[in-house]
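Observations on chain architecture
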Amino acid sequence: MTAYVLVSGPFTGGWVWEETVSRLRSAGSEAYPVTLPGTGDRRVGTGTGIDLETHIQDLVRLIDGIRAPRVVLVGHGYGLHPVLGAADRRPERVARIVSLDTGLPGDGEAAARSVPDPEARTRLANGDGSEGDGSDGEGSDRAGADGEGSDRAGTDGSGSGADHGWLAPPEPGGWSRWGSTEGIPAEALERLDRLAAPQPVRTLTQPLRLTGGAAALPVTGVLCTANGSSVDLVQMLVDSGPPQFRALAEDRIRFIDLGTGHWPMLSAPEELAEVLARAAAGEGHRVTPSERTHEQPTHLLPFLLDVPEVPCERRGRVDLHLPGGPGAPTEGDPRPPHAERPRPAVVFVHGGPVVPDQRPTPRDTPFLLGYARYAASLGAIGVTLDHRLHGLADFPLAAQDLAEAVALVRADPRVDGDRIALWFFSAGGLLAADWLAAPPPWLRCLAATYPALAPLPGWGAVESRFRPADVVGTADGPPIVLTRAGQEHPTFAATVEEFLTAAGKNGADVEIVDVPHGHHSFELVDPTEESRACLEQAMRSVLGHLRD
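The present account deals with the structure reproduced in this document.

Cut-offs used in this document
Residues numbered from 1 in each chain as written. Predicted model: local features only at pLDDT ≥ 70, side-chain atom pairs only at ≥ 80, totals over all residues. Heavy atoms only, no water. Axes fitted to C-alpha atoms, helices over the stretch in contact; angles between N-to-C directions. Helix = DSSP H or I, 4+ residues; strand = E, 2+ residues; numbered from the N terminus. Parallel < 35°, antiparallel > 145°, perpendicular 65-115°, else oblique. Left-handed = near helix turned anticlockwise from the far one by under 90°. Contact = heavy atoms within 4.5 Å. Nonpolar A, V, L, I, M, F, W, Y, C, P; charged D, E, K, R; others polar. Expected span 1.5 Å × (residues − 1). Buried < 20%, exposed > 50% of the residue type's maximum accessible area, 1.4 Å probe, protein only. Salt bridge = Lys/Arg side-chain N within 4 Å of Asp/Glu carboxyl O. 1 Å grid on protein atoms, 1.4 Å probe; cavity = no way out; pocket = protein on both sides within 12 Å on 5 of 7 lines; lining within 4 Å. Points joined across faces, edges and corners; volume = space filled by probe spheres on them. Phe/Tyr/Trp six-rings, centres within 6.5 Å; stacked < 30°, edge-to-face > 60°. Polar contact = N/O pair within 3.5 Å; in protein donor to acceptor, adjacent residues only side chain to side chain.

Bringing the packing of helix H11 (residues 366-377) against helix H17 (residues 529-547) into the picture now. With their axes 11 Å apart at the nearest point, H11 and H17 run at an angle of 55 degrees to one another. Taken together, the axes of H11 and H17 lie oblique to each other. In terms of crossing hand, the pair formed by H11 and H17 is right-handed. In contact with Tyr371, Tyr374 and Ala375 of H11, H17 contributes Leu535, Glu536 and Met539. Counted by class, the contact of H11 with H17 contains 5 nonpolar, no polar and 1 charged residues.

In structure tokens form, the structure reads like this:
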């Protein structure tokens, strides 16, 4: 008989597992849905001293009281933090860890780092409201018909604050900022709204401390495909090379796809029970490194072209890479050189999401350095920036960073503010939507290389405004240079086809540069003559539009 211990994400409690628990028990298993101290109906009478360690100790006590010799620990969202902490303390009692649509945190990581709602994450990072007694844990109760209630703390009423030591749950309609709600019936979503309760802030901000005691335990990742995860995506991440992704190919780790949103206990409880039984039996897909897996992380591989270093100026988030020779004309520019003549600029916009503490940051990677220096070697000013796309809900922040960077560049006297190109890469392509919807006259060209041009499946946290496929050709915009990788990941390729269909219907000017044998990040992973020729063609096209 299998014994499952089920720990849910923030704002919820054991009640969220009811239907899945019923099915597990009907199949002869033991199931223990957990409501942690300070959450759900265990909030009243608690103070803000509750932290992650409190939850770990509570879970350890529960495990110690279960008669089954070993248990399967299931963690969803924040719940994976106390699950891993308890497994670290009692590894001999754990048969398997199941990570339910949640990335595995490491030692020293706080749950706040992976909070998908950018406003909530920012307030947690700033420590807003982390002080205060909140000793009775009582707020404005909204009792439900079943006798359970929900407290929505948050003095500003936004539903995302961290006030008096508590983080308020999302307001009704705001759950998609925490993960895809696809498949949740209306009555279940209404119940989630009604029973959601504030989360103790310190459970999210206290770092997880691991000794390595659970490092050898089997792990199954259940990937909710409607929330953007899949076995195929994990394979792509493993092939990209970073150590944190390569670890996903260890023999102890398996993956199972589940075709629903981020809350499968509400959207697909029966299917979830079946998947948990498969996980407990050790079933699932093992990801193995492919022949394309590199020793170095992809973003640290050398750039395709050998381009010379050029002078570089750092201005906050923005770097300006300047042509080496004063007054050297842009390639093919018919006008005579002059030392004071302003130059066109190309702003290169990286993809993501990128973890906030990645080093080097995107603008210091060989990839962006290579593009910016290449543009500068041909007489334009190459511009790079580190925008704040750290999560799927961060596109507005990244868009703000990009707009500010462009304004800074255009104000520089060395830049011809009427000759600007924007060049987007990968998921950064979604940031092109604003510029396609309302193109300024000085935007002479918009380029995109292996882009996402509509949110990928399950990216419900991305605001609807960031859909280039919806706005291409709806305004009289600049010419578009689109570089396609012939061996692109299918989810990215589908958005490009959607974009091109709309562009053709609306009469947009799109030049396609195809790299038939190229993969995503071909400038780094496919150092071939084909890749070089296509990169050179794309750059010539972009600079040509800056001369027009």
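The terminal C-alpha atoms of H11, which comprises 12 residues, lie 16 Å apart, in line with the 16 Å expected from a rise of 1.5 Å per residue. Buried within H11 we find Phe367, Leu368, Leu369, Gly370, Tyr371, Ala372, Arg373, Tyr374, Ala375 and Ala376. Downstream of H11 by one or two residues, Gly379 has phi in the positive range, about 100 degrees.

Under the defined criterion, the tally for this structure stands at 32 salt bridges. Close ionic contact of Asp64 with Arg90 constitutes a salt bridge, the shortest N to O distance being 2.9 Å. Of the two residues, Asp64 is situated in helix H2 (residues 52-65) and Arg90 in the loop between helix H3 (80-89) and strand S4 (94-100); the sequence distance between them amounts to 26 residues. A relative accessible area of 40% places Asp64 in the partly exposed class. In this structure, the salt-bridge partner of Asp418 is Arg410, at a minimum N-O distance of 4.0 Å. Looking at Asp418, the relative accessible area reads 45%, which means it is partly exposed. Through salt bridges that share partners, Arg314, Asp319, Arg363, Asp364 and Asp386 make up one connected network.

Moving on: the packing of helix H1 (residues 18-26) against helix H10 (residues 269-280). How two helices pack is summed up by the angle between their axes together with the distance between the axes. H10 packs onto H1 with a crossing angle of 50 degrees between their chain directions and a minimal axis gap of 8 Å. Regarding the angle of H1 to H10, the classification is oblique. In this structure, the crossing between H1 and H10 has a hand that is right-handed. In contact with Glu19, Thr20, Arg23 and Leu24 of H1, H10 contributes Pro269, Glu270, Leu272, Ala273 and Leu276. Within the contact of H1 with H10, the residues separate by chemical class into 5 nonpolar, 1 polar and 3 charged.

Across all of its chains, the model carries 1 cavity of 30 Å³ or more by this definition. Forming the boundary of the largest cavity are Val7, Ser8, Gly9, Pro10, Thr12, Gly13, Val34, Thr35, Leu36, Thr39, Tyr78 and Gln199. A class-by-class count of the residues in the lining of the largest cavity yields 5 nonpolar, 7 polar and no charged.

Within the structure shown, the criterion is met by 16 aromatic pairs. Taken together, a centroid distance of 5.6 Å and an interplanar angle of 45 degrees make the contact between Phe348 and Tyr371 tilted. Placement of the pair is Phe348 in strand S14 (residues 343-349) and Tyr371 in helix H11, with a sequence separation of 23 residues. Owing to a relative accessible area of 1%, Tyr371 belongs among the buried residues under this scheme. One aromatic cluster in this structure is built from Phe303, Phe348, Phe367, Tyr371, Trp423, Phe425, Tyr450 and Phe522.

It is worth spelling out helix H4 (residues 118-126) at this point. For H4, the set of buried residues is Pro118, Ala120, Arg121, Arg123 and Leu124. You can read the cap of H4 off the contacts: a side-chain oxygen lies 3.0 Å from the backbone nitrogen of Glu119, and it is on Asp117. Just past H4, the residue Gly127 takes up positive phi, approximately 75 degrees.

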